[in-house]
Amino acid sequence: MLFGATGYTGGLTAEYLAHHAPEGCRWALAGRDQARLAAVRDRLAAAVPGCAELPLLHADSGDPASLAALAASARVVISTVGPYVLHGEPLVAACASAGTDYVDLTGEPEFIDDIYVRHHAAAVASGARLVHACGFDSVPHDLGVYLTVGRLPADGPIRVDGHVRAGGTVSGGTLASALLAFSRRRETARAGRERRALDPRPAGRRIRTPLGGLRRVHPDSGLQGWSVPLPTVDPQIVGRSAAALERYGPDFAYTHSAAVRRLPVALAGLAGAAVLFVLAQLGPVRRWLMRRRPGGQGPSAEQRAKSWFTARFVGEGGGRRVVTEVSGGDPGYGETAKMLAESALCLAFDELPPTSGQVTTAVAMGDALAARLVNAGLRIEVEQA
């Protein structure tokens, strides 16, 4: 069940499912506006005639009964309705109660931590798997580190440095989520504290994800230039995979940064992020920025075709070095729709480790999802140095 198909990324996810859902897969569209859902179905049917019969289900994030019906009617629910901190929790609650697997593409730490505090226990009891961050946040990074660690000895310290390079533009929904997250730093800190009070730490093991600072790229990365710290949700997701899987060793550390070739560009990026953070604190300015690119709007197909990403992970442990590179096309939308849809299909059809509750992509799907993404055109290369 795809909830949010009338949005920008939701529409791309619907198109991906229309072309790649396997034979016999029964899927449907859900949302509050039946006319707009029907228009999405008509657009899909123009390219894939079989989609003309796709079921349409009414569901509204403000109507708990409709969300309960949605969760009860599906094995896996995909949500693309954000910002998730404003609109996402009721659907997760319905899935956790019904034992229905759930995936989304959130990069909002506050939302993820609140869901753990409020619904992880219910999902464990029902058997539901709640898997957040199934897009560019944070699949390439979570799986990239997972595959790197898998080639290193597990009986000693492991360090992995992640370097990300990308080119692309943002949609209105992405901009709104980022600005809202910047404006909710106190709420984000509160949610983190509440989670840490409940989330058990792995006994006898140390997990670290330091932010780091501006520095030259390490020569072993195979890149040149400067590393700029990225305060995204990705290190948190990687750290939770490391805490859940003993394969990451007794002492694991991960750093996450953008790789920029020229120092002036790196400094300009840091300055721009700082200015955006300050502006997001001012309600009228934040709302003006959001109106500049309303929700539902995003880059054109031509712009997406020119977009790209490369995520490179250098792991060291036990005297060995492993370099993993995950790369693909448009990171925020084309590849995100692919990752999100394949995550849902993986939960629905693949033989996976027994898990429940709030889990990461590496913990819930690991090798199976990596194989799916490679088959779908993502490039993943693991080299032992």
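Keep in mind it's a predicted model, so treat the numbers as computed, not measured. (Residues numbered from 1 in each chain as written. Predicted model: local features only at pLDDT ≥ 70, side-chain atom pairs only at ≥ 80, totals over all residues. Heavy atoms only, no water.)

## Remarks on the overall build of the protein
Along its length, the protein carries 16 helices and 15 strands. With 385 residues in all, the protein has 49% of them scored as buried. A separation threshold of at least 6 residues defines the contact pool for the protein, and within that pool the share at least 24 residues apart is 77%. Counting only carbon and sulfur atoms, one obtains 54% of the accessible surface of the protein, whose full area is about 17,200 Å². (Helix = DSSP H or I, 4+ residues; strand = E, 2+ residues; numbered from the N terminus. Buried < 20%, exposed > 50% of the residue type's maximum accessible area, 1.4 Å probe, protein only. Contact = heavy atoms within 4.5 Å. Areas by Shrake-Rupley, 256 points an atom, 1.4 Å probe, with all protein chains shown as cover.)

## Comments concerning the packing of helix α7 (residues 139-149) against helix α16 (residues 366-375)
Where α7 contacts α16, the two axes come as close as 10 Å, and the packing angle between them is 115°. The crossing of α7 and α16 is left-handed. Listed contacts from α16 to Val139, Leu143, Tyr146 and Leu147 of α7 are Gly366, Asp367, Leu369, Ala370 and Leu373. Partitioned by chemical class, the residues of the contact of α7 with α16 number seven nonpolar, one polar and one charged. (Axes fitted to C-alpha atoms, helices over the stretch in contact; angles between N-to-C directions. Left-handed = near helix turned anticlockwise from the far one by under 90°. Nonpolar A, V, L, I, M, F, W, Y, C, P; charged D, E, K, R; others polar.)

## Observations regarding the packing of α7 against helix α10 (residues 234-244)
At a minimum axis distance of 9 Å, the contact between α7 and α10 shows a crossing angle of 40°. On the basis of the axis angle, α7 is oblique to α10. α10 is crossed by α7, and the crossing has right-handed handedness. Where α7 abuts α10, its residues His141, Asp142 and Val145 lie against Asp234, Ile237, Val238 and Ser241. Looking at the contact of α7 with α10 residue by residue, the classes come out as three nonpolar, two polar and two charged. (Parallel < 35°, antiparallel > 145°, perpendicular 65-115°, else oblique.)

## Structural notes on the nonpolar core
In terms of nonpolar packing, the biggest core is built from 59 residues, with Trp27, Leu29, Leu44, Val145 and Phe252 touching the most fellow members. The element contributing the most residues to this core is helix α14 (residues 334-349), with eight residues. Residues in contact with phenylalanine 252, not counting those within four places in the same chain, are Val145, Val149, Ile158, Val160, Arg206, Ile207, Arg208, Val238 and Ala242. Ranked by size, the runner-up nonpolar core spans 26 residues in total, among them Met1, Leu67, Val77 and Ala133. (Core = buried A, V, L, I, M, F, W, Y, C linked by side-chain atoms within 4.5 Å.)

## Some points on the sheet that holds strand β6 (residues 129-131)
Taken in spatial order, the seven strands of this open sheet run β3-β2-β1-β4-β5-β6-β14, and their pairing is parallel. In this open sheet, the two strands that pair with only one neighbour each are β3 (56-58) and β14 (357-358). Pairing of strand β5 (residues 101-104) with β6, which is carried by two bridges, proceeds in the parallel orientation. Looking at the pairing, valine 103 lines up with valine 131 of β6. (Pairing = 2+ DSSP bridges.)

## A word on the side chain of aspartate 142
Summarising the element assignment, aspartate 142 is placed in helix α7. For the buried aspartate 142, no salt bridge exists, and the shortest N-O distance to an oppositely charged side chain is 10 Å, to arginine 240. What aspartate 142 contacts, discounting residues up to four positions off in sequence, is Ile237, Val238, Ser241, Tyr248, Thr360, Thr361 and Ala362. (Lys, Arg positive; Asp, Glu negative; His and termini not counted. Salt bridge = Lys/Arg side-chain N within 4 Å of Asp/Glu carboxyl O.)

## Here we look at helix α1 (residues 8-20)
A rise of 1.5 Å per residue sets the reference length of α1, with its 13 residues, at 18 Å; its end C-alpha atoms lie 19 Å apart and thus fit the reference within 8%. Summarising burial for α1: 10 of the 13 residues are buried, a large majority. Within the sequence span of α1, burial applies to Tyr8, Thr9, Gly10, Gly11, Leu12, Thr13, Ala14, Tyr16, Leu17 and Ala18. If you follow the buried residues of α1, they end up packed against β1 (2-3), β2 (29-31), α2 (34-47), β4 (76-79), α13 (301-306) and α14. (Expected span 1.5 Å × (residues − 1).)

## Examining the side chain of serine 327
Topologically, serine 327 is positioned in strand β13 (residues 320-328). A relative accessible area of 7% places serine 327 in the buried class. Not counting residues up to four positions away in its chain, the partners in contact with serine 327 are Phe309, Thr310, Leu378 and Arg379.

## Some words on the pattern of salt bridges
For the structure on display, the rule yields 19 salt bridges. Across the pair arginine 240 and aspartate 113 runs a salt bridge, and its minimum N-O distance is 2.9 Å. You can see arginine 240 sitting in helix α10 and its partner aspartate 113 sitting in helix α6 (residues 109-126), a full 127 residues away along the chain. Where salt bridges share partners, they join Glu89, Glu110, Asp114, Arg118, Arg184, Arg190 and Glu194 into one cluster.

## Quick look at the pairing of strand β7 (residues 158-167)
Across the 10 residues of β7, seven count as buried, placing the element largely inside the fold. By the bridge criterion, seven bridges tie β7 to strand β11 (residues 251-260) in an arrangement that is parallel. Its bridge partner lying in β11, isoleucine 158 is registered against phenylalanine 252. The pairing of β7 with strand β12 (residues 308-317) spans nine bridges and is classified as antiparallel. If you follow glycine 167 over to β12, its bridge partner there is tryptophan 308.

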